[in-house]
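In case you want the letters, here they are:
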Amino acid sequence: MRIGVIGLPLSGKTTLFNVLTGSQVETSSFSGGRQSHLGTVKVPDARLDFIHQSYPEHKKIQTIVEYVDVVGIAKGATRSVTILDELLNQLRNCEALLLVVRDFANDRVPHPEGKINPQQDVQIVETELLLSDLAILETRINRLQKEIAKRKDAKDEKELLVLEKCRGFVENEKPLRELELTEEENKLIRGYQFLSAKPLLIVLNIGEEHIGQEEQRLQILQSYANRPRTRIAALSAEIEMEISQLEAADAAIFRQDLGIKEVAVEKLIRESYALLGLISFFTIGTNEVRAWTIRQGTTAQKAAGVVHTDMERGFIRAEVVHFNDYQKYGSISKVREMAALHLEGKDYVIHDGDIVFFRFHV
Ligand SMILES: Nc1nc2c(ncn2[C@@H]2O[C@H](COP(=O)(O)OP(=O)(O)OP(=O)(O)O)[C@@H](O)[C@H]2O)c(=O)[nH]1
Ligand SMILES: [Mg+2]
């Protein structure tokens, strides 16, 4: 899973990117960074750690989330063809966007709009995403209309209908992530990578003085809380960066003193999983224990394909125990003894936290 970190210039994108990926990219007190950065984070999962304890000789393999730190999106940014192209390139293949919104005071760091106003900042970025999509929609619609006039084609006509539907939506200043489309319609437009269609996690970057008051600060973004494929969260990127440089034990104490309940990386990954409807399952192999990420609703046979295409093709059955039962019994042999390992067929829907043994034949 790849997530694009976007926001106004100087909102704390790079600071947060460093926190999430453990990178040390230089942050700026003046905007200007045009380079994008790619970093990965191994998804922390206490359940995987627990399973691994029983298999100390095995390798522990966590799933990975990738973050891309992109150029700041200032008001009017997407009117520049170069910036727009850059942005589209950098955000291509991102499954979701993480929008960093400034809510911290800092005299050394100018705000591009002159004053702190999270709601307005979200709106500015959202508008740029919409304008970018509108530009692509209009070009494509024009071209399709010409092609259809020359030579009728059923697929082109279908695509045109979807694009026109999208254009109507965007012209009403509504992001495409809120537009309900059928699976077929989605397929037709997936290649365009519309920015406003990507699920959005808005992260309010609060000042140090507001730590512990995340919920109150988030009130200002309440109007975004219940929108489709949108979530909100609050944290202080600066403090999180300081914490990330401490030893684990010191970090825990520091967090407790400040009243920070959850590690930022874990919080944002949890939010991203919820946003995208993702869950994890685990496998125990001959030399590794491993976590895998799938969409909610994935069947056992499809999940097998995530591990290996042969396993999907030659799928026979899955033997499944939920992590909670595994934890209760403490080992797979005990699980077997208590008959808590259940046999499932190809249509079984995998649950978050399932430990799965795939049986297959090719
Ligand atoms: N006080 C305070 N300063 C912060 C916080 N987050 C970021 N900053 C400061 O704001 C400045 C900009 O941070 P960056 O992380 O570089 O912001 P950016 O969004 O990546 O900026 P551009 O890439 O130039 O658009 C740096 O000087 C940071 O130290 C915060 O939570 N509190
Ligand atoms: Mg930056």
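Bear in mind that the values here come from a model prediction, so they are computed numbers and not experimental data.

What counts, and where the lines are drawn
- Residues numbered from 1 in each chain as written.
- Chains lettered and ligands numbered in written order.
- Predicted model: local features only at pLDDT ≥ 70, side-chain atom pairs only at ≥ 80, totals over all residues.
- Heavy atoms only, no water.
- Disulfide = S-S within 2.5 Å.
- Buried < 20%, exposed > 50% of the residue type's maximum accessible area, 1.4 Å probe, protein only.
- Pairing = 2+ DSSP bridges.
- Helix = DSSP H or I, 4+ residues; strand = E, 2+ residues; numbered from the N terminus.
- Axes fitted to C-alpha atoms, helices over the stretch in contact; angles between N-to-C directions.
- Salt bridge = Lys/Arg side-chain N within 4 Å of Asp/Glu carboxyl O.
- Near = heavy atom within 4 Å.
- Polar contact = N/O pair within 3.5 Å; in protein donor to acceptor, adjacent residues only side chain to side chain.
- Areas by Shrake-Rupley, 256 points an atom, 1.4 Å probe, with all protein chains shown as cover.
- Nonpolar A, V, L, I, M, F, W, Y, C, P; charged D, E, K, R; others polar.
- Contact = heavy atoms within 4.5 Å.
- Core = buried A, V, L, I, M, F, W, Y, C linked by side-chain atoms within 4.5 Å.
- Patch = residues over 30% accessible without salt bridge, like charges linked within 9 Å, V, L, I, M, F, W, Y side chains within 5 Å.
- Lys, Arg positive; Asp, Glu negative; His and termini not counted.
- Charge placed at Lys NZ, Arg CZ, Asp CG, Glu CD.

## Notes on the state of the cysteines
Working step 1: Under the counting rule described, the total for this entry stands at zero disulfides.
Working step 2: Between Cys94, a cysteine without a disulfide, and Cys166, which holds the nearest cysteine sulfur, the sulfur-to-sulfur distance is 19 Å.
Working step 3: For Cys166, a relative accessible area of 0% puts it in the buried group.

## Some remarks on the sheet that holds strand S2 (residues 37-42)
Working step 1: Pairing in this open sheet of six strands is mixed, and the strands run S2-S4-S1-S5-S6-S7 from one edge to the other. Looking along the sheet, the strands with just one partner apiece sit at the ends: S2 and strand S7 (230-235). Strand-to-strand, the axes of this sheet are offset by a mean angle of 25°, without reference to chain direction.
Working step 2: Direction of pairing for strand S6 (residues 200-206) relative to S7: parallel, over a ladder of six bridges. Each residue of the ladder has a partner; that of Val203, found in S7, is Ala233.

## Details of the pattern of salt bridges
Working step 1: Under the criterion given, the structure shown has 28 salt bridges.
Working step 2: A salt bridge links Asp45 to Arg47, with the shortest nitrogen-to-oxygen separation between them at 3.0 Å.
Working step 3: In this structure, the salt-bridge partner of Glu159 is Arg140, at a minimum N-O distance of 3.1 Å. Remark: Arg140 occurs in helix H4 (residues 118-150) and Glu159 occurs in helix H5 (residues 154-171); sequence separation between them is 19 residues.
Working step 4: Given a relative accessible area of 6%, Glu159 falls into the buried group.

## Regarding the site of ligand 1
Working step 1: Around ligand 1 there are 21 residues in total, and Gly12, Lys13, Thr14, Thr15 and Ser28 lie nearest to it.
Working step 2: At a separation of 3.1 Å, an oxygen atom of ligand 1 approaches a polar side-chain atom of Glu238.
Working step 3: Surface burial for ligand 1 is 94%, taken as the share of its 650 Å² of free accessible area covered by protein chains.
Working step 4: Put simply, the parts of the chain that give the shell around ligand 1 at least two residues each are helix H1 (13-21), S6 and helix H9 (237-244).
Working step 5: If you tally residues by element for the shell around ligand 1, the top one is H1, at three residues.
Working step 6: Looking at the shell around ligand 1 residue by residue, the classes come out as seven nonpolar, eleven polar and three charged.

## Considering the side chain of Glu178
Working step 1: With respect to the helices, strands and loops of the structure, Glu178 is situated in the loop between H5 and helix H6 (183-189).
Working step 2: Beyond its immediate sequence surroundings of up to four residues, Glu178 is in contact with Phe169, Arg227 and Pro228.

## What about the side chain of Thr230?
Working step 1: Here Thr230 lies in strand S7.
Working step 2: For Thr230, the contacting residues outside a window of four places in its chain are Arg177, Leu200, Ile202, Tyr224, Ala225 and Leu275.

## What to know about the pairing of strand S1 (residues 2-7)
Working step 1: Here S1 lies mainly inside the structure; five of its six residues are buried.
Working step 2: Bridging between S1 and strand S4 (residues 64-69) involves four bridges; their strand directions are parallel. Directly across from Ile3, in S4, lies its bridge partner Tyr67.

## What about the nonpolar core?
Working step 1: Formed by 34 residues in total, the largest nonpolar core has its most connected members in Ile6, Leu91, Leu99 and Ile202.
Working step 2: Contributions of two or more residues to this core are made by helix H3 (81-91), strand S5 (96-103), H4, S6, S7 and H9.
Working step 3: Not counting chain neighbours up to four residues away, the residues in contact with Ile6 comprise Lys13, Val70, Ile73, Leu91, Leu97, Leu98, Leu99, Val100, Val125 and Leu129.

## Some points on unusual backbone geometry
Working step 1: Of note, Glu173 is a non-glycine position whose phi angle comes to about 65°, a positive value.
Working step 2: With respect to the helices and strands, Glu173 occurs in the loop between H5 and H6.
Working step 3: Although it is not a glycine, Gln193 adopts a positive phi angle of roughly 55°.
Working step 4: Gln193 sits in the buried class, given a relative accessible area of 19%.

## A closer look at a negative patch on the surface
Working step 1: Residues Glu208, Glu209, Glu238 and Glu242 make up a contiguous surface patch of negative charge.
Working step 2: Structurally, Glu209 can be placed in the loop between S6 and helix H7 (214-218).

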